[in-house]
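Examination of the molecular architecture
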Protein chains: 2
Amino acid sequence: MGSRSRCVARFVCGVALMLVFGRLCSAQGDNLMPQPASLVRQEGRLEINGGFRVALEGYLEPRLQKAGSRLVDRLAQQTGIPMDSALSTDPAQATLIIHCERAGEPVQSVREDESYRLVITSRQARLEAATPVGILRGLATFLQWVNLDRGGFSAPAVTIQDKPRFPWRGLMIDVSRRWIPKDVIERNIEGMAAVKLNVLHWHLSDDQGFRIESRRFPKLHEMGSDGLYYTQDEIREVVAYARDRGIRVVPEFDMPGHATSWFVGYPEIASQPGPYTIERKLKICDPAMDPTREEVFSFLDSFIAEMAQLFPDEYFHIGGDEVNGKAWNENADIQEFMRQHGMKDHRDLQAYFNQRLLPIIQKYGRKMVGWDEILHPGLPKDIVVQSWRGQQSLADAARRGYMGILSTGYYLDLMQPASLHYGVDPLGDGAAGLSKSEQDRILGGEACVWTENIDAENIDAADWPRTAAIAERLWSASDVKNVDSMYRRLAVESRQLEWLDLKHRTISRKMLEREVDGADNTPLERLDEVLAPLNCDIRRRVHHYTSLTPLNRLVDATPPESDRAREFAGLVEHWTANKQQIRAQLSLWKENHAKVVPVLQGSALLQEALPLADDVSAVATAGIEALDYLESGKRAPKAWVTQQTALLDRAGKPEAELWIMIVPPVRKLVEAAQAEK
Amino acid sequence: MGSRSRCVARFVCGVALMLVFGRLCSAQGDNLMPQPASLVRQEGRLEINGGFRVALEGYLEPRLQKAGSRLVDRLAQQTGIPMDSALSTDPAQATLIIHCERAGEPVQSVREDESYRLVITSRQARLEAATPVGILRGLATFLQWVNLDRGGFSAPAVTIQDKPRFPWRGLMIDVSRRWIPKDVIERNIEGMAAVKLNVLHWHLSDDQGFRIESRRFPKLHEMGSDGLYYTQDEIREVVAYARDRGIRVVPEFDMPGHATSWFVGYPEIASQPGPYTIERKLKICDPAMDPTREEVFSFLDSFIAEMAQLFPDEYFHIGGDEVNGKAWNENADIQEFMRQHGMKDHRDLQAYFNQRLLPIIQKYGRKMVGWDEILHPGLPKDIVVQSWRGQQSLADAARRGYMGILSTGYYLDLMQPASLHYGVDPLGDGAAGLSKSEQDRILGGEACVWTENIDAENIDAADWPRTAAIAERLWSASDVKNVDSMYRRLAVESRQLEWLDLKHRTISRKMLEREVDGADNTPLERLDEVLAPLNCDIRRRVHHYTSLTPLNRLVDATPPESDRAREFAGLVEHWTANKQQIRAQLSLWKENHAKVVPVLQGSALLQEALPLADDVSAVATAGIEALDYLESGKRAPKAWVTQQTALLDRAGKPEAELWIMIVPPVRKLVEAAQAEK
């Protein structure tokens, strides 16, 4: 689902959900994210110091040994205390004993047992799990559980029993529209493991780029990638890296549409003769494979055989979305084929394509995954449907016996607040009425990051920390849904994720500094802290974008969610108690105007933001005046209210592809000033 | 020079030089650091956009091709504009033409021609140099020269002719006392190249660790490194990486002292039988090689033969510092040997050792470098003396015909302000009276980072941006010494260096966040912004440190120089014009007290900083009261002055190994309040 009809409700939802105000505080031991299934605190604490050692018991394998050493390295990094990451051979002397019962599956599957039990006493910690993957989940918990207080670093005594609610918890990364290098993928895998996600869905080909070396069809990567692709060795390294962290890698090769990049080197598999060039436009493209020619299927057979060697996962994602049929309509031979086979439209032809693809995929021991559109009668029940259409679509499939995963509501590129994603439950809404066995067919969900307006530089900020909120939704019990608690823990986890070298917390500042040419960017940061980017789909409607357009403007540097505006909205919720703080905050934004305007004027990348600066200052002034009325006890005059409402209406519209996120809370102040006697 | 008698004048100098106030502003095109020898601005500007291409002319080699592509990659990163890094084959169409005349030396030497000429017109840029190294220097200039203004990214038209003042401009990194991994070394090499340094002096062995794989003597790294060492492949990669960036790599193996880590595996080359363990204490250690035994020299012959294979540089650094003679005094055989050879003290025996070492080094085609102590009559004139004792010592050597490089005044671990380093000239002070030919023997200098109290986590903050100020001192003309200009450009360059993945600007925040356990650290940052760490030598006197002590306290997170305090001191210099700003700033520091105290109380790592928080608040209050008197026109009463002076005297002393850097400017306000009628 690249460029498509996504929900435009960002602003409305953002405002509604933004009103929860999560203040940071670090209560001992309740920073876990996702929250575990069961947690019982005990008396005491296990001191964490330079003598920390790990010992392995029970079943042994290199994955466990690496995980044990990695835990010590991370703990050393997190605490700043040098530690010896060599495993201890004496469990009695170890700080943490890891006891794994048995080997996991040779290829981790959706059925892998991920449960674990972590018992910490003041003397020792013990982590038990049936499988290495369970151990990995428990180690992620342990790292989050260690905290610092006035007594030093420690792991409070506790008994945690934990297992996931859903078995398929993924992050999809589109590396086709914009190239995302291997190191970025790997650090995102680290982040995924930290929040117990277990599937990297790798969207490897699309109209805008074919991103993997094919030795059987070398023109795929040679001509379809601008030289930006993963070698097969790199793919193997990433797959191994992911496995070491308990993460499956599901490759997606989108077909029969979203495939222009294939046709640059191999026009013979397309529905038109070509020639083709790599698509730069970001839209639903017409080119599609030709399902009427046997050579296409023998090509795909050979290609999938090669890819199956690289990707051991039992699932193979064929995309299958957004085939508009134009390429088929414009080819007389294809039309004739359709007539002969009694197909009434392109959906039937796509069903035929999938039916032909299915045995090829099965021949290599794989099961099919695809977007909603692939679902047609006649497909076996072991396929998985990934829904960008919503729970209703999943529920319908489940009732027909099909398994599914949800991505609606989890599109990170829509720049929605974490709270919105957090509120989306794969078993909610249209799936609410399912029977237990139907519910079991809904395997989980995947956060998705489509890269039309996101690139290797700012993808971490798109992914994190919001993905952690989705991860909690998919791991924790359905009643874990306190948004306040989520935001408090999300802030802690966001800092924690930075130790994995994720750039989500630094990239915005660096990009803003670029925009002011290396000068002090304090005024720009103050302006930016109340802004949030427009939904990427809408961005493409108001501005011309291609896959080569520089993403170096203010909107690109602005984090998806304005924490500051959310906090401010929280203050305004209880404005009678927070007048002084509200006034101080509004004054800062108002007074920033004089400082930020010359900065914006001086930079070609920032001039478009001048109206935003004017509006932020005006909105802040409106808020201060509203406070004046509220404090004076006088009701605000009608003319003033009319004027402010007009201002807020104007400032509530996006400018330079950015929203001013303090408009709704200031509107609340204006309304209160109007109501006051 | 690890732990030794370094100048303790940090505070005095810091205060004196801190008073220069460099405000940030980004004037077009004068951000170059180091400043070039000659720069003439022309009319017009060369637009930088996605069509930017580089073409090579003249002499070609892979180093140039890589440099051209790297330039494009960096420019793309710096501007956020996707660019094609493939070199253009059509110079007429290229944005930048690189014309190199000839090959450089097969092994870059201190005599390598580094000059270049960069001519930019509104149509095209042309970079000419005799050698690839000259081209590399010009490319560093080009990257700094590109700027952003209201018209977009451009390189203003200019003619720059440039060459270095000194041929030896280095950074020494001690990887023995604390382990510094290869990736950290490489990103520091990138930083060096950006500011035109040309020597990485790699301090590879010392009492606390032997950091390189030796195949001839494997017990060196196996037993002397805790497993933390570079493999020979890694060494070759770093040497090649450095050469690609025009940087020589001079290895140092400190001998005959500072060598305990050698003796763990090979006690037979020591003066006492042992056994030895890796030294953890940070002090001048007694163990030394035994110069009276032939086996020692055959060991060294074989070892140096192996190392010469890895390090092609013409110089080989033997350390030679701080041999205290105790190990020799306590060995009767050695005493007897000294008597027989008429040696009166350990200095004579060390001279003998060096005399024996010299032909070995020469045998492998290398020249000797060593610290001051190696200089004894009889050494050939091609050795280089590295001085930690000062210009006088260098000048004395130069008068005797010896070459030298200066490190006094460039010790980054002393945590002195950039302005102090910037003021140190290799030809200044004791070297001021040298003749031209004697001056020519002073080859340059090296910044040094000794790692007793610095580790892989915070080394970037020790190195950068201050090393850029030293780099300018060594590259630019002696009259380039405006501290205000230096600080302005240093701030810009510091941001620029961040694109090289250096962590100097982010690590402090991350370490502070660790200390507050992932919570909001705004109050702690506000406290920390007025602090600066104590000189590392003094730290070791007031606190027990070993090479394994965690460096996770407030002092370790605090950047070497407080920019905020320097700016504040600048405001106070002209307090009559800045009263409002001064008051606002002081109020922030005063009001922070209530917020930061609970944060400090809650963390075992921060409790020691409580007195600092009290003092900062009290000092800020004193400053506000002084302003009150100044604004009232009333002279401050004597009792008040006495009280404030006592406060400032107390707060002027370090606490928790940190200085409060606003004490001197507030003292100035108090003095002014006292003087006022």
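Every value quoted in this text rests on a predicted model; they were computed, and no experiment measured them. Position labels on residues start from 1 in each chain and follow its written sequence. All chains are assigned letters beginning at A, and all ligands numbers beginning at 1, according to the order in which they are written. Given that the model is predicted, a residue must reach a pLDDT of at least 70 before its local features are reported, and side-chain atom pairs must reach 80 or more before they are shown or counted; all residues, however, enter totals for whole chains, interfaces and linings. The side-chain numbers reported here are obtained from all heavy atoms of the structure, hydrogens and water having been left aside.

As a further point, take the overall build of chain A. The secondary structure listing takes helices from DSSP runs of H or I that are at least 4 residues long and strands from runs of E that are at least 2 residues long, numbered from the N terminus. For chain A, the helix and strand inventory stands at 26 helices and 18 strands. Relative to the 2.2 N^0.38 estimate, which gives 26 Å for 677 residues, the radius of gyration of chain A is 27 Å and therefore close to what a compact globule would have. Viewed in the frame of its principal axes, chain A has a C-alpha envelope of about 80 × 70 × 50 Å. Residue exposure (1.4 Å probe, protein chains only): buried if accessible area is under 20% of the type maximum, exposed if over 50%, otherwise partly exposed. Within chain A, the fraction of its 677 residues that count as buried is 65%. Of the contacts formed within chain A by residues at least 6 apart in sequence, a portion of 76% connects residues at least 24 apart. The convention is simple: Lys and Arg are positive, Asp and Glu are negative, and His and the chain ends are not counted. Every charge is mapped onto a representative atom, which is NZ of Lys, CZ of Arg, CG of Asp or CD of Glu. Considering chain A, the positive charge centre built from 82 side chains and the negative charge centre built from 94 side chains are found 3 Å apart. With the radius of gyration taken over C-alpha atoms, the globule rule is written as 2.2 Å times the number of residues to the power 0.38. Any two residues having at least one pair of non-hydrogen atoms within 4.5 Å are treated as being in contact.

What follows is about the interface of chain B and chain A. Counting residues at the interface gives 44 residues for chain B, matched by 45 residues for chain A. On the chain B side of the interface with chain A, the three residues burying the most area are B:Leu148, B:Arg514 and B:Asp517, jointly 17% of the side's total. Salt bridge, as used here: a side-chain nitrogen of Lys or Arg that lies within 4 Å of a carboxyl oxygen of Asp or Glu. Counting across the interface, chain B meets chain A through eight salt bridges. Between A:Glu513 and B:Arg495 there is a salt bridge whose closest N-O contact spans 3.8 Å. The term polar contact refers here to a pair of N or O atoms within 3.5 Å; inside protein, the definition further demands a hydrogen-donor-capable atom paired with an acceptor-capable atom, and it admits residues adjacent in sequence only when both atoms are side-chain atoms. Counting across the interface, chain B meets chain A through 20 residue pairs in polar contact (both at pLDDT 80 or more). Ranked by the residues each element gives to the side of chain B that touches chain A, the list is headed by helix H18 (residues 507-515) of chain B, at five residues. Considering only residue class, the side of chain B that touches chain A consists of 13 nonpolar, 16 polar and 15 charged. By definition, the buried area sums, over both parts, the 1.4 Å-probe accessible area that each loses when the two are put together. Only Asp, Glu, Lys and Arg are considered charged, only Ala, Val, Leu, Ile, Met, Phe, Trp, Tyr, Cys and Pro nonpolar, and every remaining residue, Gly among them, polar.

So, about the pattern of salt bridges. A full pass over the atoms with the stated rule returns 116 salt bridges over all chains. Put simply, A:Arg505 and B:Glu513 hold a salt bridge, and the shortest N to O gap is 2.7 Å. Residue A:Arg505 is found in the loop between helix H17 (483-498) and helix H18 (507-515), and its partner B:Glu513 is found in helix H18; the two belong to separate chains. Across the pair B:Arg117 and B:Glu128 runs a salt bridge whose closest N-O atoms are separated by 3.9 Å. Taken together, the positions of B:Arg117 in strand S4 (residues 116-120) and B:Glu128 in strand S5 (residues 125-129) put the pair 11 residues apart, joining distant regions of the chain.

Residue and element names in this part refer to chain B. Relative to the helices and strands, His 346 resides in helix H11 (residues 346-363). A polar contact is formed between the side chain of His 346 and the backbone oxygen of Val 323, at a distance of 3.1 Å. When residues no more than four places from it in sequence are discounted, the contact partners of His 346 are Val 323, Asn 324, Gly 325, Trp 328 and Met 338.

All names here are of chain A. As for its placement among the helices and strands, Arg 169 is situated in strand S8 (residues 168-174). A polar contact of 2.8 Å, which involves the side chain of Arg 169, links it to the side chain of Glu 114. Sequence-distant contacts of Arg 169, defined by excluding residues within four places in its chain, comprise Glu 114, Arg 137, Pro 164, Lys 196, Leu 197, Asn 198, Val 199, Gly 445, Leu 474 and Trp 475.

What follows covers the confidence of the model for chain A. Residues and elements named next belong to chain A. Mean pLDDT for chain A: 93, with 95% of residues reaching 70 or above. A residue's pLDDT is simply how confident the predictor is in it, with values from 0 to 100. Below pLDDT 50 for its whole length, residues 1-29 participates in 95 contacts with residues either more than four positions away or in separate chains. Overall fold confidence for the complex sits at a pTM of 0.93, while the interface term, ipTM, reaches 0.91.

Moving on, we get to the nonpolar core. We call a set of buried Ala, Val, Leu, Ile, Met, Phe, Trp, Tyr and Cys residues a nonpolar core when their side-chain atoms join them within 4.5 Å. Counting 110 residues, the largest nonpolar core has B:Trp202, B:Phe253, B:Trp262, B:Leu300 and B:Phe311 as its most contacted members. Of all the elements, helix H8 (residues 294-310) of chain B adds the most residues to this core, at eight residues. Sequence-distant contacts of B:Leu300, that is, excluding residues within four places in its chain, are made with B:Met255, B:Trp262, B:Met289, B:Phe353, B:Leu357 and B:Ile360. Counting 109 residues, the second-largest nonpolar core is a separate cluster that includes A:Ile304, A:Trp328, A:Ile360 and A:Val385.

As a further point, take the environment of A:Asp460. Residues and elements named next belong to chain A. Of note, Asp 460 is situated in helix H15 (residues 459-463). Each C-alpha atom, one on Asp 460 and one on Phe 299, is 36 Å from the other, the two residues being 161 residues apart in sequence. Each residue touching Asp 460, except ones within four places of it in the same chain, is listed here: Val 184, Arg 187, Asn 188, Leu 502, Lys 503 and His 504.

Another aspect to go through is the pairing of strand S13 (residues 367-371) of chain A. Residue and element names in this part refer to chain A. Within S13, four of the five residues are buried, leaving the element largely enclosed by the surrounding structure. Strand pairing follows a simple DSSP-based rule, namely that at least 2 bridges must link the two strands. Here strand S12 (residues 315-317) pairs with S13 via three bridges, running parallel. From the neighbouring strand, Tyr 315 faces S13, where its bridge partner is Lys 367. Alignment of S13 against strand S14 (residues 384-387), held across three bridges, turns out to be parallel. Looking at the pairing, Trp 371 lines up with Gln 386 of S14.

On to helix H26 (residues 663-675) of chain A. In this analysis, the expected span of each helix is defined as 1.5 Å times one less than the number of residues it contains. The end-to-end C-alpha distance of H26(A) is 18 Å, a good match for the 18 Å that 13 residues give at a rise of 1.5 Å each. A:Val663, A:Pro664, A:Pro665, A:Val666, A:Leu669, A:Val670, A:Ala672 and A:Ala673 are the residues of H26(A) that are buried.

Any two aromatic rings considered together are summarised by their centre-to-centre distance and by the angle between their planes. All names here are of chain B. Only rings of Phe, Tyr and Trp enter the pairing, Trp through its six-membered ring, and a pair is recorded when the two centres are within 6.5 Å. The plane angle decides the type: under 30 degrees is stacked, over 60 is edge-to-face, the rest tilted. Within the structure shown, the criterion is met by 47 aromatic pairs over all chains. Here Phe 52 and Phe 142 contribute two aromatic rings whose centre-to-centre distance is 5.9 Å and whose plane-to-plane angle is 40 degrees, an arrangement assigned as tilted. You can see Phe 52 sitting in the loop between strand S1 (38-47) and strand S2 (54-58) and its partner Phe 142 sitting in helix H3 (residues 132-145), a full 90 residues away along the chain. Each member of the pair, Phe 52 as well as Phe 142, is classed as buried. A network of ring pairs unites the aromatic residues Phe 210, Phe 217, Phe 253, Trp 262, Tyr 266, Phe 299, Phe 303 and Phe 316 as a single cluster. Counting as a charge over the ring demands two things of the Lys NZ or Arg CZ atom: a distance within 6 Å of the ring centre and an angle within 35 degrees of the ring normal. We note Arg 248 situated over the ring of Trp 168; from NZ or CZ to the ring centre the distance is 4.3 Å. In this structure, Arg 473 packs its charged tip against the face of Tyr 422, placed 4.5 Å from the ring centre.

Before going further, it helps to spend a moment on the packing of helix H23 (residues 579-601) of chain A against helix H24 (residues 610-632) of chain A. All names here are of chain A. Angular values range over 0 to 180 degrees, each being the angle between N-to-C directions of two axes fitted as lines to C-alpha atoms, with helices fitted over their stretch in contact. Running from amino to carboxyl end, H23 crosses H24 at an angle of 155 degrees, the nearest separation of the two axes being 9 Å. Viewed along their axes, H23 and H24 adopt a mutual orientation that is roughly antiparallel. Between H23 and H24 lies a crossing of left-handed hand. Within the contact between the two elements, H23 uses Lys 579, Ile 582, Arg 583, Leu 586, Ser 587, Trp 589, Lys 590, His 593, Val 596, Val 597, Leu 600 and Gln 601 and H24 uses Leu 610, Ala 613, Asp 614, Val 616, Ser 617, Ala 620, Thr 621, Gly 623, Ile 624, Leu 627, Asp 628 and Glu 631. Residue composition of the contact of H23 with H24, by class: 12 nonpolar, six polar and six charged. Our angle categories are set so that under 35 degrees counts as roughly parallel, over 145 as roughly antiparallel, 65 to 115 as roughly perpendicular, and the remainder as oblique. Here is the rule for handedness: rotate from the far helix to the near one, and if that takes an anticlockwise turn smaller than a right angle the crossing is left-handed, while a clockwise turn gives right-handed.

It is worth spelling out unusual backbone geometry at this point. The omega torsion of the bond from A:Met33 to A:Pro34 falls at 0 degrees, within 30 degrees of zero and hence cis. Turning to its location among the elements, A:Pro34 is positioned in the loop between helix H1 (10-18) and strand S1 (38-47). Going from A:Trp464 to A:Pro465, the amide bond is cis rather than trans, its omega being 5 degrees. Relative to the assigned elements, A:Pro465 resides in the loop between H15 and helix H16 (466-475). Positive phi is not limited to glycine here, since B:Glu322 has a value of about 55 degrees. Along the chain, B:Glu322 turns up in the loop between strand S12 (315-317) and helix H9 (326-329).

Quick look at the relation of the copies chain B and chain A now. Copies are brought into register by a least-squares superposition over C-alpha atoms of residues with pLDDT of at least 70 in both. Mapping chain B onto chain A leaves a residual RMSD of 0.0 Å; the transformation is a rotation of 180 degrees accompanied by 0.1 Å of translation along its axis. Here the copies are linked by what is in effect a two-fold axis. Among all C-alpha atoms of chain B, that of B:Thr506 lies closest to the rotation axis, at 3.7 Å.

With that settled, consider the packing of helix H22 (residues 563-573) of chain A against H23(A). When two helices pack together, their arrangement is given by the angle between the helix axes and by the axis-to-axis distance. All names here are of chain A. Direction vectors running N to C along H22 and H23 enclose 145 degrees, while the axes themselves pass 10 Å from each other. Handedness of the H22/H23 crossing: left-handed. Contact residues: H22 offers Arg 564, Phe 568, Leu 571 and Val 572, while H23 offers Gln 581, Ile 582, Gln 585, Leu 586 and Trp 589. Of the residues that constitute the contact of H22 with H23, the class distribution is six nonpolar, two polar and one charged.

Take helix H4 (residues 182-194) of chain B next. All names here are of chain B. With 13 residues, H4 should cover 18 Å at 1.5 Å per step; its first-to-last C-alpha distance of 19 Å lies within 8% of that length. A large share of H4 lies buried, amounting to 12 of its 13 residues. Those residues of H4 not exposed but buried are Lys 182, Val 184, Ile 185, Glu 186, Arg 187, Asn 188, Ile 189, Glu 190, Gly 191, Met 192, Ala 193 and Ala 194. Two residues or fewer past H4, Lys 196 is found with a positive phi of approximately 70 degrees.

Moving on to the state of the cysteines. Residue and element names in this part refer to chain A. The disulfide criterion used throughout: a pair of cysteine sulfur atoms within 2.5 Å. Inspection of the entire model under this criterion finds zero disulfides over all chains. Cys 536 supplies the cysteine sulfur nearest to Cys 448, a cysteine that is in no disulfide, at a spacing of 13 Å. According to the relative accessible area criterion, Cys 448 is buried, its value standing at 0%.

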